[in-house]
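# Remarks on the overall topology
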Amino acid sequence: MKSTALVRKVAAVAGTTVLAGLVAGLASTPAQATAKPRAKVSVSTPQASVGDYRGACPVDVTFSATVKLKIKGTTQVRYRWLHGDGSKSKIKTVKVSANGTKRIRLAETATFNGDTKGWQALQVLSPRKVTSKKGHFSVDCKPTKKHRHHHQRVSAKAWVSPAKYVGSCTRVALEGRISVNRPAWVRYRWVVNGKAIDHGRVRVHDSRKVGVTFEPRHSHRGSAVLEVLSPRRAVSNTAYYKVGCKDHSHAPSHRSKVEVFGLSARTDRDSCTVNARARVSTSGADRVRWVWSVNGRTVDSGSTTFNRGGGSQFVSLNTALSGAAKNGGTIRLTAYGTKDSASESRSFAACKPSNHLPKFPKDTPTESPKFPKEKRDTPRDTPTESPTPAPSPEVETPKTEQPA
């Protein structure tokens with residue numbers, strides 16, 4: 001009995017030990033199965049885009065560093081930038097996938113308004129915390145002579161065409177030239193009498209001509225300048241102009257149209273004159289001069305003034321025909337306006353018909369015609385020269401008888 005109890009106790013202790021070992025083995029097996037090898041991470045020393053800067057401020061400097069990872073699959077890289085003044089950037093995250101070695105380049109840009117000396121470092125927080133070495137830089141905000149030599153230079157010149165104008169109110173042209181020492185996009189504007197009237201942006205390589213036109217509404221004097229707004233400010237010379245409007249109108253001057261229509265011509269054969277009539281019209285205020293011509297020769301002229309709104313008027317002609325014009329020809333009426341002209345022509349008949357012309361040549365005498373000798377009858381009472389006497393029938397010559 002005593003031995004049996006002892007056996008049971010030993011078995012109980014052995015069972016407890018085996019069970020504890022089995023539980024420990026079950027607990028440790030999943031952790032060992034799910035554990036991944038830690039990624040290898042290294043970070044290069046940050047480099048500044050301009051390590052030692054000297055020039056105009058503010059200036060932007062970009063810092064960059066390369067992160068090298070040895071991973072299998074996909075992971076997220078969490079990082080931040082450490083600054084020499086003790087500040088830190090916000091934590092940023094980038095997703096990376098690879099099956100081996102992967103390199104990614106990270107960068108940050110900072111703006112400096114004054115002289116600065118410092119450093120920046122890149123700190124990777126995951127998948128493994130690694131901090132790079134410090135990358136040093138300096139900023140000196142004092143431009144050197146070499147830097148000033150490359151400054152953009154801009155100049156402008158302006159003039160007005162025409163500078164002096166007298167006549168109907170018309171458009172005035174402003175012209176200018178922009179010059180640069182190196183190619184640049186130039187923004188400019190035109191200012192007339194203190195008021196900007198036009199602006200633009202052009203690409204200038206060496207020099208370029210620009211211009212604009214404006215419409216004055218009354219007689220006045222004025223001035224214009226060409227202003228360059230960028231890349232550097234420049235102002236041209238002052239261009240002066242003078243406009244004298246003679247149309248007595250505040251509205252812009254419009255070109256009036258002159259017309260000639262309804263021309264008719266009739267020849268009076270008895271008096272050998274030609275009568276013609278036509279209508280002259282214009283669409284606006286204008287002074288119209290009209291000219292009559294016969295076979296290209298001016299025979300009459302005149303003028304008519306029309307008020308605003310234009311109008312029309314009949315003009316007529318009554319002129320005697322002479323020379324070759326008696327045999328007919330062409331009559332023309334031409335009207336001349338301030339900036340326009342028009343004409344119309346008609347043919348006219350001869351003042352003498354062809355059957356009124358002389359039937360005989362000019363060298364043919366108008367005396368009584370001479371008849372042929374065989375048809376002439378001499379009157380009985382007309383004496384004849386040296387008539388041959390005819391023997392009288394009553395007188396007979398006695399015959400002399402010869403004696404036998």
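Here is what the cut-offs are and how they apply
- Residues numbered from 1 in each chain as written.
- Predicted model: local features only at pLDDT ≥ 70, side-chain atom pairs only at ≥ 80, totals over all residues.
- Heavy atoms only, no water.
- Helix = DSSP H or I, 4+ residues; strand = E, 2+ residues; numbered from the N terminus.
- Polar contact = N/O pair within 3.5 Å; in protein donor to acceptor, adjacent residues only side chain to side chain.
- Phe/Tyr/Trp six-rings, centres within 6.5 Å; stacked < 30°, edge-to-face > 60°.
- Buried < 20%, exposed > 50% of the residue type's maximum accessible area, 1.4 Å probe, protein only.
- Disulfide = S-S within 2.5 Å.
- Salt bridge = Lys/Arg side-chain N within 4 Å of Asp/Glu carboxyl O.
- Pairing = 2+ DSSP bridges.
- Axes fitted to C-alpha atoms, helices over the stretch in contact; angles between N-to-C directions.
- Patch = residues over 30% accessible without salt bridge, like charges linked within 9 Å, V, L, I, M, F, W, Y side chains within 5 Å.
- Areas by Shrake-Rupley, 256 points an atom, 1.4 Å probe, with all protein chains shown as cover.
- Lys, Arg positive; Asp, Glu negative; His and termini not counted.
- Charge placed at Lys NZ, Arg CZ, Asp CG, Glu CD.

### Some thoughts on the side chain of glutamine 123
Tracing the chain through its elements places glutamine 123 in strand β6 (residues 116-126). Side-chain polar atoms of glutamine 123 contact the side chain of threonine 131, separated by 3.1 Å.

### A few points about the packing of aromatic side chains
Each aromatic ring pair is summarised here by two numbers: the centre-to-centre distance and the angle between the ring planes. Using the criterion set out here, one finds two aromatic pairs in the structure. Plain terms: the ring middles of phenylalanine 63 and phenylalanine 137 are 4.9 Å apart, the flat faces sit at 65 degrees to each other, and that makes the pair edge-to-face. Taken together, the positions of phenylalanine 63 in strand β4 (residues 59-83) and phenylalanine 137 in strand β8 (residues 135-140) put the pair 74 residues apart, joining distant regions of the chain. For the pair phenylalanine 63 and phenylalanine 137, a shared accessibility class is recorded, and that class is buried. Seen in terms of ring centroids, phenylalanine 112 and phenylalanine 137 are 5.2 Å apart; in terms of plane orientation they differ by 45 degrees. Their pairing is tilted. Of this pair, phenylalanine 112 sits in strand β5 (residues 92-112) while phenylalanine 137 is found in strand β8, placing the two residues 25 residues apart along the sequence. Just as phenylalanine 112 is buried, phenylalanine 137 falls in that class too.

### Focus on the state of the cysteines
Applying the stated criterion across every chain, the model contains two disulfides. Each disulfide pairs two cysteine sulfurs, and for cysteine 57 the partner residue is cysteine 141, the sulfurs being separated by 1.7 Å. Measuring handedness by torsion sign, the sulfur bridge of cysteine 57 and cysteine 141 sits at about -85 degrees and is left-handed. In this pair, cysteine 57 is assigned in the loop between β3 (52-54) and β4 and cysteine 141 in the loop between β8 and α2 (145-149), connecting sequence segments 84 residues apart. Disulfide pairing is shown between cysteine 272 and cysteine 351; the S-S distance is 2.1 Å. Between cysteine 272 and cysteine 351, the S-S dihedral sits near -50 degrees, and the bridge is therefore left-handed. A residue pair is termed long-range when its members are at least 10 positions apart, and cysteine 272 in the loop between β18 (258-268) and β19 (273-282) and cysteine 351 in the segment after β24 (341-348) qualify at 79 residues. Among the residues examined, cysteine 272 registers a relative accessible area of 12% and is labelled buried. Classification of cysteine 351 by relative accessible area gives buried; the value is 1%.

### Some details on the pattern of salt bridges
According to the stated counting rule, one finds five salt bridges in the structure shown. Between arginine 54 and aspartate 140 there is a salt bridge; the shortest N-O distance is 3.4 Å. Here aspartate 140 lies in strand β8 and arginine 54 lies in strand β3, a separation of 86 residues in the sequence. Taking the relative accessible area as the measure of exposure, aspartate 140 reaches 22% and is therefore partly exposed. With a closest N to O distance of 2.9 Å, glutamate 344 and arginine 346 form a salt bridge. Bridged by salt links that share partners, the residues Arg189, Glu227 and Arg233 form one connected network.

### Observations regarding the sheet that holds strand β14 (residues 207-214)
Sheet architecture is open: three strands sit in the order β9-β11-β14, paired in antiparallel fashion. Both outer strands of the open sheet, β9 (154-161) and β14, are each paired with one neighbouring strand and no more. Sheet twist, expressed as the average angle between the axes of neighbouring strands with direction ignored, equals 20 degrees. As defined by bridge partners, strand β11 (residues 172-180) adjoins β14 across eight bridges and the pair is classed as antiparallel. Following the sheet pairing, glycine 176 is matched in β14 by valine 210.

### Some remarks on the sheet that holds strand β20 (residues 286-294)
Here we have four strands laid out as an open sheet, ordered β21-β20-β23-β24, and antiparallel in their pairing. Single-partner strands in this sheet number two, and they are β21 (297-306) and β24. Between one strand axis and the next, the sheet turns through 15 degrees on average, direction left out of account. Summarising the sheet, β20 and strand β23 (residues 329-336) pair through six bridges and their orientation is antiparallel. The partner of valine 291 across the bridge, within β23, is threonine 334.

### Re unusual backbone geometry
Following cysteine 57, the chain continues to proline 58 via a peptide bond in cis, the omega torsion being 5 degrees. With respect to the helices and strands, proline 58 occurs in the loop between β3 and β4. Phi is positive for asparagine 295, close to 55 degrees, though the residue is something other than glycine. Among the structural elements, asparagine 295 can be located in the loop between β20 and β21.

### As for a positive patch on the surface
A surface patch of positive charge is lined by Arg38, Lys40, Lys68, Lys70, Arg103 and Arg128. Assignment of secondary structure puts arginine 38 in the loop between α1 (2-34) and β1 (40-43).

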